[in-house]
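# Results of the structural survey
This is what each chain is made of:
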Amino acid sequence: MTTLLASPIAMLPALVAEYVDFAATHFDELVVLTIQHALLAADTIAIAVPIAVTLGVATTYDDRAATVILWLAGIAMTIPSLALFGLLIPFLGIGSPPVIFALVLYSQLPVIRNTYVGLTKIDEATLSAGRGLGMTRRQRLRRIQLPIAMPVILAGVRNAVVIVIGVAAVGAYVGADGLGEYIFEGIRTGNTTMIVVATIAVSLLALAVDYTFGVVEQYLRLRNGETIDQALGTRFLTTLLSVRNTHQ
Amino acid sequence: MIEFDSVTKVYPDGTTAIEDISFTVEEGTTTVLVGPSGCGKTTTMRLVNRLEEPTDGAVYFDGENTRSVDEIELRRNIGYVIQEIGLFDHMTVGENIATVPELKGWDEARIDDRIDELLELMALPREFRDQYPTELSGGQRQRVGVARALAADPDVLLMDEPFGALDPITRDDLQDEFLAIQDRINTTIIFVTHSINEALKMGDKIAIFDVGEIVQYDTPHEILANPATEFVEDFIGENRLLKQLSITPVSDVMDPVEAHADQFDDVGGTAAAADGGERLSDPPSPSTDLRSSFITLLEADRSMSPVVEDGEVVGVITESGIRSHFRDGTEGA
Amino acid sequence: MAGVSTTVLEGIRYLVANSDQALGLLVQHLKLVLVSELAAIAIAVPLGVLAVRYERAREPIMAAGNVAQTIPSLAVIALMFPILGLGFRPAVVALFVYALLPILTNTIAGIDGIEQSTLDAARGMGMTDNELLVRIQLPIAFPVIFAGIRTSTVINVGTAYLAFFIGAGGLGRWVISGIDLFDMSQVFAGALVGAVLAITLDLALAGIERQLRSDSGGQTAAV
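This is a predicted model, so every value here is computed, not measured. (Residues numbered from 1 in each chain as written. Chains lettered and ligands numbered in written order. Predicted model: local features only at pLDDT ≥ 70, side-chain atom pairs only at ≥ 80, totals over all residues. Heavy atoms only, no water.)

### Some points on the overall build of chain C
If you tally the helices and strands in chain C, you get nine helices and zero strands. Starting at the N terminus, the α and β elements of chain C follow one another as α-α-α-α-α-α-α-α-α. Expressed as lengths along the three principal axes of its C-alpha atoms, the size of chain C is roughly 65 × 45 × 30 Å. Classification of the 223 residues of chain C by burial places 50% in the buried group. Taking contacts inside chain C between residues at least 6 apart in sequence as the whole, the part at least 24 apart equals 76%. In the form shown here, chain C has an accessible surface area of approximately 9,700 Å², with 66% of it arising from carbon and sulfur atoms. Averaging the coordinates of the 12 positive side-chain charges in chain C and doing the same for the 15 negative ones gives two points 4 Å apart. (Helix = DSSP H or I, 4+ residues; strand = E, 2+ residues; numbered from the N terminus. Buried < 20%, exposed > 50% of the residue type's maximum accessible area, 1.4 Å probe, protein only. Contact = heavy atoms within 4.5 Å. Areas by Shrake-Rupley, 256 points an atom, 1.4 Å probe, with all protein chains shown as cover. Lys, Arg positive; Asp, Glu negative; His and termini not counted. Charge placed at Lys NZ, Arg CZ, Asp CG, Glu CD.)

Next comes the structure, spelled out in structure tokens:
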């Protein structure tokens, strides 16, 4: 530790070699932990998104409900994750259940908020056109509002996923699966290499998922006819899809 | 005063806004740049205060190339009024008006007096001074916008569709008031509009823009009498003669009182007349336009009317006089 | 539900019984939050201004800010351990990094949101870039920037719990040792004090904002 602080830059090549070496020798475990981490996040999102979108749609029906729901979801965000995990242990035991429960709670605000914003920011003329065509409220929601709002909702989901992956790492402290295990074990045993490799892995996972969702979001925006600066991945995806479409 | 010398402006995206434009704005006059949207009139105006820079050619201000003048210094001596007004909503009306004097470092007492002076000039109540612009109506906001532009006594005032966003009645009022103010402040004004009627009403000189070029640069009278191209004729639209009447003041065609002395029982006294028609309750003045004086005659079923200024008859306007002016106008076309 | 009320009651009892220690942990926590937050404000607002003023600086600044926010908070804190070791300083650096983005994005959004006509008018009357910034952009963007500071502060209070893992103390101590000892009253007491801190700071900032706005003669009359 002290030698490291003395000349961190001179130590860098040696350190990198050490990290690579650790990653190579623990490759299988790292892959398993990363998959577990991703699965935990996927489970959470699978539960959280339907709830949040439903609540988001509900908020558009009633302004007062909107205020209350958004306020509650905002309050939930301020509960420290570690404390919430701990407090859920007596009810849900240790391991993934309390973590998933808490993460579902944390995912609510971004998704509800974006659903609400996406649905309400739609041009009034578009909606009255729908009404003029004789659509019922439910039809307008399904055929006009949700498709137009989809990129905004997805942006909220993207936001939530990033939060979930990050907080899930903390969940390892109460026994949830994932890369957090290595971080805490590294801290406990003073194994800095383990900490660094695990934090890099979890950061890469978050960045990769964020980027993927970003690309899908851009794709949806393009499909809605918006003009945007496309990320490399979006251009790749649109080319890929258009190639496939022409082959059909 | 302001001279455009073969100015071309090409935007970075390749569109040519104006090409090889040359004209001169005389000191103390109001020059209106008019044309359809996208013709380059706003770009031309923004070249004066260097919000745009020419790609080719030069703009001279008092004989000096504007590019050799510090742009900040230049802009502080040029008032700028835009259609969107652009008031600073986080400042009071008074603070808005004080902006340029403050930037120029005037002392507080002088700024204070100037604010009051401008509120009065623009017919705004003094209480507005400490109010925020968001509390005002559109017309009031633009009055503040004009006051702000005039605050530091600029040599030049640039007005980019200043009344374009107002309702027709407010617009008319503000145009009239501004014409009166114009006489008092004697500033060189460049005024951009897409409305030929506004151009005819406000301008001493009018530059008519087609896409990227000036097709005619002349006085309103000359433009109405002798449109240079078919484009100008189309742009002026219907009722050219009526428009001519609208911009010609009575003083241009009135006869001296003595020429019709036999027609009046009370020469030089009142507006009472003796040609058999109704009495005129509101006789024209020398600055009234011919169109409304003609309507006055028709309504009163009369062939002539005294022209009254400050309670005195200063001339006589006759139907035949208007007719002959009307005919001269057509002949010229 | 009986379990919930027991935990709550036990938690409050624990808090009362250990109020001295609670105060000590609260002070540690507050120091972590305030130092990191002030540093974040001092860096993020100028960075946001730079990003708006220089088109070329914008993308790298936003990209760096986004990456900083996407990296999990635990990862940022854990990474400080090998780089800076244990204690207060590494924790503050980690919290600072994590507090930057909300302020940065709001500074940029606040300034970007100003109407083009307002800027046009200001430039047209001869304001320099700095006059434009001080007289127009910052005052108009102020509420948005301040909202970013509030969000950032509330998040910061929550993230600071993790600082205990790298030996910086704070309210994380009760929560973590409570989990270790399976003592829910301790966990609850730790969470409760933090929640009160978050709400108090948020309200205090709201008050400061109102004060600053009325001092500068801002839009209070119009709002």
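### Quick word on the interface of chain C and chain A
Between chain C and chain A, the contact holds 31 residues from the first and 31 residues from the second. Here chain C and chain A share zero salt bridges between them. Our enumeration of links across chain C and chain A arrives at one residue pair in polar contact (both at pLDDT 80 or more). Of all the elements in the fold, those that place two or more residues in the side of chain C that touches chain A are α1 (2-17), α3 (55-70), α4 (73-84), α7 (129-159), α8 (172-180) and α9 (184-215) of chain C. (Salt bridge = Lys/Arg side-chain N within 4 Å of Asp/Glu carboxyl O. Polar contact = N/O pair within 3.5 Å; in protein donor to acceptor, adjacent residues only side chain to side chain.)

### What to know about the sheet that holds strand β8 (residues 188-193) of chain B
Residues and elements named next belong to chain B. As summarised here, the arrangement of the six strands in space is β6-β7-β8-β3-β9-β10, forming an open sheet in which the pairing is mixed. Only two strands of the sheet have a single partner each, and these edge strands are β6 (78-82) and β10 (213-218). Within this sheet the neighbouring strands show an average axis-to-axis angle of 15°, counted without direction. Pairing between strand β9 (residues 205-210) and β10: five bridges, direction antiparallel. Within the sheet, the bridge partner assigned to I208 lies in β10 and is Q216. Here helix α1 (residues 41-48) sits on the sheet in contact with β3 (30-34), β6, β7 (156-160), β8 and β9, set at roughly 155° to β8. (Pairing = 2+ DSSP bridges. Axes fitted to C-alpha atoms, helices over the stretch in contact; angles between N-to-C directions.)

### Description of the pattern of salt bridges
All names here are of chain B. One pass over the full model with this rule turns up 26 salt bridges over all chains. For D153, the salt bridge identified is with R114, shortest N-O distance 3.3 Å. Here the residue D153 occupies a position in the loop between α5 (138-150) and β7, and R114 occupies one in helix α4 (residues 108-121), the gap between them amounting to 39 residues. Among the residues examined, D153 registers a relative accessible area of 52% and is labelled exposed. Here D176 makes a salt bridge to K201, at a shortest N to O gap of 2.9 Å. A residue pair is termed long-range when its members are at least 10 positions apart, and D176 in helix α6 (residues 168-185) and K201 in helix α7 (residues 196-202) qualify at 25 residues. The partly exposed category is assigned to D176, whose relative accessible area is 40%. Look at K201 and you get partly exposed, because its relative accessible area is 27%.

### What about the UniProt feature "domain: ABC transmembrane type-1" (unreviewed entry) in chain A?
When the UniProt feature table is mapped onto this chain, "domain: ABC transmembrane type-1" (unreviewed entry) is found at residues 34-213 of chain A. The span residues 34-213 of chain A carries 87% helix and 0% strand; its end-to-end C-alpha distance comes to 18 Å. (UniProt positions renumbered as here; feature names shortened; annotations may be inferred.)

### A word on helix α11 (residues 290-300) of chain B
Residue and element names in this part refer to chain B. Within the span of α11, buried status applies to L290, S293, L297 and A300. For α11, the buried positions fall inside an angular range of 100° around the axis, keeping them on one side. Those residues of α11 that are exposed and aimed more than 90 degrees away from the buried face are L298 and E299. Backbone nitrogen of R291 and a side-chain oxygen of the N-cap are separated by 3.0 Å at the start of α11; the cap is D289. Positive phi shows up at D301, right after α11, with a value of about 55°. (Arc of directions from axis to C-beta.)

### Topic: the side chain of T29 of chain B
All names here are of chain B. Mapping T29 onto the fold places it in the loop between β2 (16-25) and β3. Within the structure, the side chain of T29 is placed 2.7 Å from the backbone oxygen of E26, a separation counted as a polar contact. Non-local contacts of T29, meaning those with residues more than four positions away in its chain, are made with T187, T188, I189 and D204.

### Overview of the sheet that holds strand β1 (residues 2-10) of chain B
All names here are of chain B. With respect to topology, four strands assemble into an open sheet ordered β2-β1-β4-β5, the strand pairing being antiparallel. Strands with a single pairing partner mark the edges of an open sheet, and in this sheet they are β2 and β5 (64-65). Of the strand pairs in this sheet, strand β4 (residues 56-61) and β5 are connected by two bridges, and their pairing is antiparallel. Looking at the pairing, Y60 lines up with N65 of β5. The strands touched by α1 are β1, β2 and β4; relative to β1, the strand with the most contacts, the crossing angle is about 120°.

### What to know about the UniProt feature "transmembrane region" (unreviewed entry) in chain C
Residues and elements named next belong to chain C. When the UniProt feature table is mapped to this numbering, "transmembrane region" (unreviewed entry) covers residues 32-52, 132-149, 155-176 and 188-208. The span residues 32-52 carries 100% helix and 0% strand; its end-to-end C-alpha distance comes to 30 Å. In residues 155-176, helix accounts for 45% and strand for 0%; the two terminal C-alpha atoms are 18 Å from one another.

### Thoughts on the UniProt feature "domain: ABC transmembrane type-1" (unreviewed entry) in chain C
The UniProt entry lists residues 26-205 of chain C under the feature "domain: ABC transmembrane type-1" (unreviewed entry), expressed in the numbering used here. Here residues 26-205 of chain C is 84% helix and 0% strand, with 18 Å between the C-alpha atoms at its ends.

### Some details on the packing of aromatic side chains
Residues and elements named next belong to chain B. Enumeration over the complete set of coordinates arrives at 11 aromatic pairs over all chains. With a centroid separation of 6.3 Å and 70° between ring planes, the pair formed by F163 and F178 is classed as edge-to-face. One end of the pair, F163, is in the loop between β7 and α6; the other, F178, is in helix α6, and 15 residues separate them in sequence. F163 sits in the buried class, given a relative accessible area of 1%. Judged by relative accessible area, which is 2%, F178 ranks as buried. (Phe/Tyr/Trp six-rings, centres within 6.5 Å; stacked < 30°, edge-to-face > 60°.)

### Things to note about the interface of chain C and chain B
Contacts between chain C and chain B engage 21 residues on the former and 24 residues on the latter. Across the chain C/chain B interface, buried area totals approximately 1,900 Å², and carbon plus sulfur atoms make up 62% of it. Sorting the residues of chain C by area buried against chain B places D120, M125 and R135 of chain C first, and these three jointly supply 30% of that buried surface. Here chain C and chain B share three salt bridges between them. At the boundary of chain C and chain B, one finds six residue pairs in polar contact (both at pLDDT 80 or more). The set of elements that each furnish at least two residues to the side of chain C that touches chain B consists of α6 (116-124) and α7 of chain C. With seven residues, α6 of chain C is the largest single contributor of residues to the side of chain C that touches chain B. Partitioned by chemical class, the residues of the side of chain C that touches chain B number nine nonpolar, eight polar and four charged. (Buried area = accessible area lost by both parts, 1.4 Å probe. Nonpolar A, V, L, I, M, F, W, Y, C, P; charged D, E, K, R; others polar.)

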